[in-house]
Structure formats: C-alpha cells, structure tokens
Amino acid sequence: MSETESRDFIRQIIQDDLESGKHDQIVTRFPPEPNGYLHIGHVMSICLNFGVTNETAGRTYLRLDDTNPGKESKEYVDAIERDVRWLGFDWEDRLTHASDYFEKIYAAAVSLVEMGSAYVDSLSADEIREYRGTLTSAGRNSPHRDRSVEENLHLLARMRAGEFPDGELVLRAKIDMGSPNMNLRDPALYRIRHIAHQRTGDDWSIYPMYDFAHTLSDAFEGITHSLCTLEFEDHRPLYDWFLDQLKPAHRPRQIEFSRLNLAYAITSKRKLNALVEEGIVEGWNDPRMPTIAGMRRRGYPAAALREFVKRGGVTKKDKLIEMGVLENCVRDILGENAERRMAVLKPLKVVLTNYPEGKVEMMEAANHPGRPELGTREVPFSRELWIEQEDFMEDAPRKFFRLKPGGEVRLRFGYIIQCDEIIKNDAGEVIELRCSYDPDTRSGTGTSDRKVKGTIHWVSREHALAAKVRLYDRLFNVANPNSADDFHAALNADSLQSVDAKLEPSLAALESGTPVQFERLGYFCADSEENSADAHVFNRIVTLRDSWAKQEELAMKDQGQV
RNA sequence: UGGGGAGUAGCCAAGCGGUAAGGCAUCGGGUUUUGAUCCCGUGUACCGCAGGUUCGAAUCCUGCCUCCCCAGCCA
C-alpha cells in the first residue's frame, strides 16, 4: 500500500519542483486573518501547508493576515496560535504578520505609482462600484486614471500622512477596466482607515488590501507554493500581475484547492460569529462548534482531526463530507487509546435481595480490553446498584438480550443477576428492580462457566459519583447549513441535553480533557471549563457504534410503514 | 448571456490511451463478560450527456448539460 500510495495534485507539483531543481526547499504559509476562531475547514489548510513541508524538510510560516484593523484582535491571534500548536504543528521562529511588512508594501505601492501602474482615485466607493461595470459589461476608466506620476506620488504620501478622511481617496492598480475578470478592473491597493491597528497602533492611516499585501508577503517570505482555496482562483492573474510588475527576488506560485465542508456544520466565520454573538452557543469553544477550540473542548483528539483531513484528500472538487467520517476518526483514535470506565447516564435502581447488606467487594476491571499493559482498577460492588434504564425492558422483544422480568444478565466485571421483581411508582413507571445474584459467577474466578447473552454496566449506589453529563448532537438539522439563506431555520433545538449521571468513583480523579470510554455508551471527558472537584461536569465526545440501536431504528421504520 | 473552476458507487478518492485501486458508510458472517473493538466476506460505478478519433477511451477531440466562485475601499 505504502509504495503505491498516490500523491494529491499539490504534492505532485511539489515533488516535481524538487526533482527538477526548481526549488531546493519548499516554503509554505498558513495565513489566517485574526478575525475569528479557526474551524474544521482551516484544519485542512493547516495540515496541507505544514504537512507538505514536514514531508520534504521545508519550512512553513504562520502568518497573521492583519490588514483590516477593526475586525481583527489579539484574542483571535492568541487563539490561532494555540489551536495550530494543539493540532500538532510547529512554526518555530516563523510567526509573522502582514503588518510586519507594511513599510515594504508601501514602498512597493510607490514603485507601482512610479512606473505608472497605479494611481490615486478620488471616486467614492459608490462611484467606483458604478464604474466597475457588471459581470457581462465592461467597466469605464475613472476620470482620475491619468493623473501624473508626480500628483499620484504626492497624493499617496498625503494619504499616508493622514491628511484625508476615510474613503476620500483610494490607491488603485492600473490594469484593465474592460477585463472579463473583475479582479483586474483596477483593483484597490490601499484604502484610508483612521483606526488603530492591534500591532502598529496609530502608525498608519492607510492599510493595504488583501491581494496586494498577500502577494507581497508571500514574495518577501520566499514562499514557493502559496496554497489557497478555490475562491481565489480568479485572483491568481492579479497575484501574477503584481509579481510581473514588481519582479521580487522570489516568485511564489499560487495553487488552489477546494475547501472542506462538513455536513450538518457551518464553516463561515461570519455565521459562527453570529452563533456566538446571539448566544445560541456558549462561545467559540462551545463543544458543539466546529471550531478547533470547540472540538478540543469536546474531547476530539488532534490526531483524529489530522486523520479526518487525510481521509478527505486534496482536490479541486467541491466536497461535503459526512459527519460520520469525522466521528469514525474520533472513535478509531479513542478506541485505541482511551481507558475504559463505567458510568450510568440514566439510572435505574437495582437491589440484590440475596446480597449481604453492608458488604462491599472490590471488583477488578481491565482499563482496556485490548491492551493489558494499561492495567486494571478496582470498582466497588454492593447490594444496591444503578444500571441504565435502557438496559431493562418489561416487554422485551425476542432479540433483546439485556435485563427483562425473569431474565438473566451479566454485570460487567461482576456477577450474573436475575430480575425477580419490578417496582413501579403511581405513574406506572419502573423505579426499582429486585434481583438476585449468583455468588458462583464472580468475574474472573473461574468457578462457573455459565454463559448469558448480555452484559450490562453498573455503578454501586453507595459509592457513585454524581455528575452532570452533557450529551451533544449536531447543531443543524440540514446537511448543508452553509448554503441556507438563514441558518437559524436549520438549527437543531436539541443539540444539547444534560443528564444527572452516576459514575464509578475512580472518575473523580480524572483530569479535565482526558478522554475515557464509558463502557457501552461512548467516549467522554471532564469539561475543561466547568468541571470541578465538587461539581463534576462531563462532555460526551461521541457515542460508540451501536448496531442494536440501528436495528431498533429499522424495526420502528418497518412498523411505521406496515 | 462575461470570466474562472468542477463533474468516477451514498460520502470521499485513485486513475495520466490498454480494458475501473482504496477508505468511510451499507449489508452478511465469525470472535467477544462493551450489541464496542477485532476478523472475514459484500458494490452490474450507463466513469455528467451525446458524438468523434483509435485495434482499444474514464483517459484524446467536438458539442452540450449540471453545480460552485467572481461585480467589498473584506479576506
């Protein structure tokens, strides 16, 4: 498999450039704008940019594209650094900002003016829009397009000096107002913004636009392959135009790939921000958010995110990947590494009528069924237990092999018990089970070779640790909320459910963020923000695969159809 | 109607003129003190459509269809 493993088209290009000697070393960059938190879509870009240089002994810059003060902040910068690092990538000393190059970018603008390739325009924003034309009709030249170089230079200097109010003037590239590519219709290079920048303070009253700043930053850093998403494909002619005009020492090549869309999730910073602002979620790191911070808090391992991206691949085709693929990556990583514990989410009381009152036995439980080196722990067992409500059914179908009246079931790491009596409340709900245990069936004693079909988990009532457990579901009910006009209509009202659960006592010492499997239920971790020694709060990371639930679902569907 | 991209099984994705890899899902079966894991097995893909070139086309040519992106002094 490994020697036949095929490379995606970008790695192919990189390989070719290395072999042909075009480049000795690959240099890439991950250039987020610090105006929001990184999300699952960025994970792909991060893994690609750092991945190709990890594979070829190259270098990658983490560059904050901070050319629009007012929308950007230090909070986001810090979050970005934290998230990239957590994902497992290291930029070493290559943390840069577009703002590091403001002086050089300005010099480049002056050069363009000097060579007659840029001019200062006095048209208003509305007028510029009007002059730009439409998709199907050419634009018109601005009446200020032919100002002299001297006048342009003078005006630009005064713009920089802060002599004009916001919007009064704008520096534009002089390209072609008739181009079918809108990006070439004299795009803006600099706009006036009297606003403090989070890094440069009040040094500047003009700020460069994305296309200009980004191309130059790439060139200054010696980026060899500037990897970005498809929507920038028709910016490439502009990117190349800047390089042709200014002829920097290094000429980066822009290559575009399709972005990764996750089904039932939103990956638009604007919409994610709205979820936060409107209080629909608790914050950027709400465990339901597809942000790196959210997924980390939820308990998704970084390795699962990397694996997810790997399974997706790099192409130019629009993709909408099923949530199940991500969840399976999480299950795969956690199934291998997470220790097992027992917990009851929706407790039902069980009394073992023939078990001595006051007696407590310590049962030995394996921490991982497939990895004995992870050791064992002791779990207290006593007369009164909690079991899962769903593990008992009064009128059980034939294939239900958990507890039912008169039936037997094995308690995981414990004894085989039989259900003798059901106790209900006035409403007719089962509130307690009276059972008897078979003393000869203690786990691991080998005194009995009796087999029962089912095994269920339990927690000793007396020793149980109370905890709030949050059960999360997808935030949206439609597969592609990205394309919905109003995502509010697509919101899943039941994306968060909180239950009062009973945990085995060893869980009291579990460190926040460390994932464990609650046997038969799923993977969980203590919440990094709200869990405390006297108020335990856990998050469900993902459920286990559940073929029984699937069968039931099918049965329900069949019944409904008949 | 202008320009730029993309179309291979439910979701991803190899393939680069020689007769359709792989992963995930699905569906069977085996193991199992987690109905988990693990292990086996499981797909008639009209390769968007229609023509053409060729002994031979998913791969080359022509025409068409569908979807995505572009008219911020956002990135």
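Note that this is a predicted model, so its numbers are computed, not measured.

Attention shifts here to the confidence of the model for chain A. Model confidence for chain A is summarised by a mean pLDDT of 95, while 98% of its residues fall at 70 or above. Across the whole predicted complex the pTM is 0.96, and at the interface the ipTM reaches 0.95.

Next up on the list: the state of the cysteines. Inspection of every chain in the model, using the stated rule, returns zero disulfides. Of all cysteine sulfurs, the one in cysteine 47 lies closest to cysteine 228, which takes part in no disulfide; the gap is 17 Å. Relative accessible area serves as the criterion here: at 8%, cysteine 228 is assigned to the buried category. Just so you know, cysteine 329 is unpaired, no disulfide at all, and the nearest cysteine sulfur is the one on cysteine 47, 11 Å from it.

This part takes up the layout of surface pockets. Of the pockets and cavities examined, the second largest pocket occupies roughly 910 Å³. In this structure, the second largest pocket is lined by 30 residues; those nearest its centre are Glu33, His42, Glu231, Phe232 and Lys269. Among the elements of the structure, strand S1 (27–30), helix H2 (40–55), helix H7 (210–221) and strand S8 (225–229) are those that each provide at least two residues to the lining of the second largest pocket. Per element, the largest residue contribution to the lining of the second largest pocket is four residues, and it comes from H2. Among the residues making up the lining of the second largest pocket, the classes are represented as ten nonpolar, twelve polar and eight charged.

Attention now moves to the protein's contact with RNA strand B. RNA strand B sits among 63 residues. The nearest are Arg412, Ser443, Arg545, Ser547 and Lys550. Within 4 Å of the protein, the atoms of RNA strand B are drawn from sugar and phosphate moieties in a proportion of 67%. Asparagine 328 places a polar side-chain atom, nitrogen or oxygen, 3.2 Å from a phosphate oxygen of RNA strand B. Interatomic distance of 2.4 Å between a side-chain N/O atom of arginine 340 and a base oxygen of RNA strand B. Broken down by secondary-structure element, the contributors of at least two residues to the surface near RNA strand B are helix H5 (125–132), strand S6 (188–192), helix H11 (302–312), strand S11 (319–321), helix H12 (323–337) and helix H13 (547–561). Residue contributions to the surface near RNA strand B peak at four residues, all from H5. Among the residues making up the surface near RNA strand B, the classes are represented as 21 nonpolar, 17 polar and 25 charged.

Before going further, it helps to examine empty space enclosed by the protein. Counted according to the given criterion, the structure contains one cavity of 30 Å³ or more. Forming the boundary of the largest cavity are Tyr210, Asp211, His214, Thr215, His235, Leu238, Tyr239 and Gln254. Residue assignment for the lining of the largest cavity shows that the elements contributing at least two residues are H7 and helix H8 (236–246). If you tally residues by element for the lining of the largest cavity, the top one is H7, at four residues. Its residues assigned to classes, the lining of the largest cavity shows three nonpolar, four polar and one charged.

On the surface, a cluster of negative charge is made up of Glu277, Glu278, Asp485 and Asp486. With respect to the helices, strands and loops of the structure, aspartate 486 is situated in the loop between strand S23 (465–472) and strand S24 (496–503).

What follows concerns the packing of aromatic side chains. Applying the stated criterion across every chain, the model contains 22 aromatic pairs. With centroids separated by 6.2 Å and ring planes inclined at 75°, the aromatic side chains of tyrosine 190 and phenylalanine 212 adopt a geometry described as edge-to-face. Note that tyrosine 190 is positioned in strand S6 and phenylalanine 212 in helix H7, a separation of 22 residues in sequence. As far as the burial class goes, tyrosine 190 and phenylalanine 212 line up, both buried. A connected cluster of aromatic rings, assembled from ring pairs, spans Phe102, Tyr106, Tyr190, Trp204, Tyr207, Phe212, Trp241 and Phe242. Lying across the ring of phenylalanine 220, lysine 104 places its NZ or CZ 4.2 Å from the centre. Note that arginine 160 overlies the ring of tyrosine 106, its terminal NZ or CZ placed 4.7 Å from the centroid.

Reading the values: rules and limits
- Each residue is numbered by its place in its chain's sequence as written, counting from 1.
- To read the labels, note that chains go from A and ligands from 1, taken in the order they are written.
- Only residues with pLDDT of 70 or above have their local features reported here, since the model is predicted, and side-chain atom pairs are shown and tallied only from 80 upward, although totals for entire chains, interfaces and linings are computed over all residues.
- Excluded from the side-chain calculations are hydrogens and water; all other atoms, namely the structure's heavy atoms, are used.
- Each residue gets a pLDDT score, which is the predictor's confidence in that residue and runs from 0 to 100.
- Note on terminology: disulfide denotes any pair of cysteine sulfur atoms within 2.5 Å.
- Burial classes: relative accessible area under 20% of the type maximum marks a residue as buried, over 50% as exposed, and values in between as partly exposed (1.4 Å probe, protein chains only).
- Of the grid points, spaced at 1 Å and generated over the protein atoms alone, those admitting a 1.4 Å probe that cannot get out make up cavities, while open sets with protein on both sides within 12 Å along at least five of seven lines make up pockets; any residue with an atom within 4 Å of a point is treated as lining.
- Grid points are joined across faces, edges and corners, and a volume is the space filled by probe spheres set on the points.
- Secondary structure elements follow DSSP: runs of H or I of four or more residues count as helices, runs of E of two or more count as strands, with numbering from the N terminus.
- Gly is put with the polar residues, along with every residue not named as nonpolar or charged; the nonpolar set is Ala, Val, Leu, Ile, Met, Phe, Trp, Tyr, Cys and Pro, and the charged set is Asp, Glu, Lys and Arg.
- What makes a residue near a molecule or strand is one non-hydrogen atom of that residue sitting within 4 Å of it.
- N or O atoms within 3.5 Å of each other form a polar contact, as long as, within protein, one can give a hydrogen and the other can take it, and as long as residues adjacent in sequence are counted only when both atoms are side-chain atoms.
- To count toward a patch, a residue needs a relative accessible area over 30% and no salt bridge; like charges are then connected within 9 Å, while nonpolar side chains (Val, Leu, Ile, Met, Phe, Trp, Tyr) are connected within 5 Å.
- In short, Shrake-Rupley with a 1.4 Å probe defines the accessible areas, and a residue's cover is counted only from the protein chains shown.
- A pairing counts as a salt bridge when a side-chain nitrogen of Lys or Arg comes within 4 Å of a carboxyl oxygen of Asp or Glu.
- In summary, the charge assignment counts Lys and Arg as positive and Asp and Glu as negative, without counting His or the chain termini.
- Note on charges: their place is set at NZ of Lys, CZ of Arg, CG of Asp or CD of Glu.
- Put simply, two rings from Phe, Tyr or Trp (the six-membered ring, in Trp's case) pair if the centres are within 6.5 Å, and we call them stacked under 30 degrees between planes, edge-to-face over 60, tilted for the rest.
- Sitting over a ring, as applied to charges here, requires NZ of Lys or CZ of Arg to be within 6 Å of the ring centre and within 35 degrees of the ring normal.

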